[in-house]
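# Topology and contacts: notes
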Amino acid sequence: MPKATFLNLTVDKQEKIEMILLATFYNRHISQVKVSEIVEKMGMSRGAFYKYFNDLEDAHQYVVQKASVAVHREILTFVYTMSDDLFAGIKTYLKKIAGVDKTAKEWQQIQLLTANPTIFAKRNSHNNGQNAMVLQWQELLIKNDISLDTLAESQELLFLIMDLVMEVLTAFIVNDWGEKELVDVYQLRIKWLKQGI
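Residues numbered from 1 in each chain as written. Predicted model: local features only at pLDDT ≥ 70, side-chain atom pairs only at ≥ 80, totals over all residues. Heavy atoms only, no water.

### What to know about the overall build of the chain
- For the chain, the count of helices and strands is ten helices and zero strands.
- Overall, the chain shows an N-to-C arrangement of helices and strands of α-α-α-α-α-α-α-α-α-α.
- For the chain, the spread of C-alpha atoms along the three principal axes comes to 55 × 40 × 25 Å.
- A fraction of 60% describes how many contacts in the chain between residues 6 or more apart in sequence connect residues 24 or more apart.
- Only carbon and sulfur atoms are counted for the fraction: they give 52% of the accessible area of the chain, which is about 11000 Å².
- The distance from the centre of the 22 positive side-chain charges to the centre of the 24 negative ones in the chain is 6 Å. (Helix = DSSP H or I, 4+ residues; strand = E, 2+ residues; numbered from the N terminus. Contact = heavy atoms within 4.5 Å. Areas by Shrake-Rupley, 256 points an atom, 1.4 Å probe, with all protein chains shown as cover. Lys, Arg positive; Asp, Glu negative; His and termini not counted. Charge placed at Lys NZ, Arg CZ, Asp CG, Glu CD.)

This is how it looks when you write it as structure tokens:
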């Protein structure tokens, strides 16, 4: 994660650096990127880069984590907007993504995340359901008549759904699908999830 020096920058300066990192990493493997390329785009010295990040891997992990938070937050916003049918909310999100311009920040974040699937294996523990997101998720499950035995089980369902969405988005990108293929595959997988195979 970034050093305190980075975190003490103004929000505008942080966002500028984040945009440069995203534009650099979103469609390239980290092994194809050099620190010199990033510092040139940032208009700073190599030493300044190392005041902000430990190394290139640190900068990469930071931008992947930021993209993950942004994408998951947007998915959950769509879900909460259509809270009586959480799967329809996700479908609406996917339709939106299918139409996003390939040069948009949102598209770059999706492409970065689908190229870095290990981010989704990381599970954050939440203190006995007191995290606001976990409480909202619990309420959403109740609204959708989904009853699970434990908090851990309901959290794992959230992770399963997020994993499913990212897998479908990965297939969408890799196969160069249109909206119809994306939505059809999503709906088929949700049907299996809800009704069994």
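Continuing now.
### Describing a nonpolar patch on the surface
- A surface patch of nonpolar side chains, amounting to about 370 Å² of accessible area, comprises L188, W192 and I197.
- Along the chain, the position of W192 falls in helix 10 (residues 179-195). (Patch = residues over 30% accessible without salt bridge, like charges linked within 9 Å, V, L, I, M, F, W, Y side chains within 5 Å. Salt bridge = Lys/Arg side-chain N within 4 Å of Asp/Glu carboxyl O.)

### What about helix 9 (residues 151-174)?
- Taking 1.5 Å per residue, 24 residues should reach 34 Å; helix 9 reaches 35 Å between its end C-alpha atoms and fits that length.
- A positive backbone phi angle near 55 degrees is found at D176, which sits one or two residues after helix 9. (Expected span 1.5 Å × (residues − 1).)

### So, the pattern of salt bridges
- On inspection of all chains with the given rule, the structure shows seven salt bridges.
- The salt bridge involving K41 is made with E37; its shortest N-O contact spans 3.3 Å. Here E37 and K41 lie together in helix 3 (residues 35-42), a separation of four residues that amounts to about one turn.
- One salt bridge connects K96 with E106, and the closest N-O pair in it is separated by 2.6 Å. Linking K96 in helix 6 (residues 86-98) with E106 in helix 7 (residues 105-114), this pair joins segments that are ten residues apart in sequence.
- Each of the salt bridges in this network shares a partner with another, and the network as a whole consists of R28, E37 and K41.

### A few points about empty space enclosed by the protein
- Taken as a whole and assessed by the stated rule, the structure comprises one cavity of 30 Å³ or more.
- Estimated volume of the largest cavity: approximately 30 Å³.
- Lining the largest cavity are I75, L76, V79, L86, I90, W137, L158, I161 and M162.
- Of all elements in the fold, only helix 5 (56-81), helix 6 and helix 9 reach the threshold of two or more residues within the lining of the largest cavity. (1 Å grid on protein atoms, 1.4 Å probe; cavity = no way out; pocket = protein on both sides within 12 Å on 5 of 7 lines; lining within 4 Å. Points joined across faces, edges and corners; volume = space filled by probe spheres on them.)

### Some details on the nonpolar core
- Counting residues in hydrophobic clusters, the biggest one holds 59 residues, and the most contacted among them are L21 and L169.
- Other than its neighbours up to four places away in sequence, L21 contacts I38, M42, F53, A59, Y62 and V63. (Core = buried A, V, L, I, M, F, W, Y, C linked by side-chain atoms within 4.5 Å. Buried < 20%, exposed > 50% of the residue type's maximum accessible area, 1.4 Å probe, protein only.)

### A few points about unusual backbone geometry
- One non-glycine residue with positive phi stands out, namely D145, at about 55 degrees.
- Summarising the element assignment, D145 is placed in the loop between helix 8 (132-143) and helix 9.
- For D145, a relative accessible area of 74% gives the class exposed.
- Positive phi, close to 55 degrees, is recorded for D176, a residue that is not glycine.
- Mapped onto the elements, D176 comes out in the loop between helix 9 and helix 10.

### What to know about the packing of helix 6 against helix 10
- Relative to each other, helix 6 and helix 10 sit at 160 degrees, their axes nearing to 9 Å. One way to sum up the angle between helix 6 and helix 10 is to call them roughly antiparallel. By crossing handedness, the relation of helix 6 to helix 10 is classed as right-handed. Contact residues: F87, I90, K91, L94, K95 and A98 in helix 6; E179, L182, V183, Y186, Q187, I190, L193 and K194 in helix 10. (Axes fitted to C-alpha atoms, helices over the stretch in contact; angles between N-to-C directions. Parallel < 35°, antiparallel > 145°, perpendicular 65-115°, else oblique. Left-handed = near helix turned anticlockwise from the far one by under 90°.)

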